[in-house]
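For reference, the chains in residue letters:
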Amino acid sequence: MSLPASAPVRFLAAAGPGTRVVVRYRIDGGLTDALGHLLACDAGSCTVRTRRADVVIPLELVVAAKEVPPAPPRRPARPA
């Protein structure tokens with residue numbers, strides 16, 4: 001018998017690919033966040049495309065997740 005899914009896991013399962021999310025999950029020694037676009041979510045993990053890399057997060061480590069607004073536009077470089 002499996003345990004019912006937590007609210008953050010239910011949100012990730014229902015969110016469509018391309019949704020901008022922040023996912024907080026457990027790591028050795030504490031917690032960390034992945035901020036980016038949700039690529040996929042299956043029964044065991046979700047994948048978030050951050051600015052640096054695609055992050056695969058086991059769902060049993062997720063403690064919070066929510067949708068976030070689009071990133072603000074980048075500011076133009078200052079003239080030298």
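The following paragraphs examine the structure supplied in this document. All figures in this text were calculated on a predicted structure; none of them were measured in a lab.

Concerning the environment of Ala-34
Relative to the assigned elements, Ala-34 resides in strand β2 (residues 30-41). The sequence separation of Ala-34 and Arg-10 amounts to 24 residues, and the corresponding C-alpha distance is 17 Å. Beyond its immediate sequence surroundings of up to four residues, Ala-34 is in contact with Val-21, Val-22, Val-23, Tyr-25, Val-48, Thr-50 and Ile-57.

Some details on the pattern of salt bridges
Enumeration according to the criterion identifies two salt bridges in this entry. One salt bridge in this structure joins Asp-33 and Arg-24, with 2.7 Å as the shortest N-O distance. Residue Asp-33 is classed as partly exposed on the basis of its relative accessible area, which comes to 39%. Judged by its relative accessible area of 38%, Arg-24 is partly exposed. Across the pair Asp-54 and Arg-49 runs a salt bridge, and its minimum N-O distance is 2.7 Å. Classification of Asp-54 as partly exposed rests on a relative accessible area of 39%.

Criteria and cut-off values
- Residues numbered from 1 in each chain as written.
- Predicted model: local features only at pLDDT ≥ 70, side-chain atom pairs only at ≥ 80, totals over all residues.
- Heavy atoms only, no water.
- Helix = DSSP H or I, 4+ residues; strand = E, 2+ residues; numbered from the N terminus.
- Contact = heavy atoms within 4.5 Å.
- Salt bridge = Lys/Arg side-chain N within 4 Å of Asp/Glu carboxyl O.
- Buried < 20%, exposed > 50% of the residue type's maximum accessible area, 1.4 Å probe, protein only.

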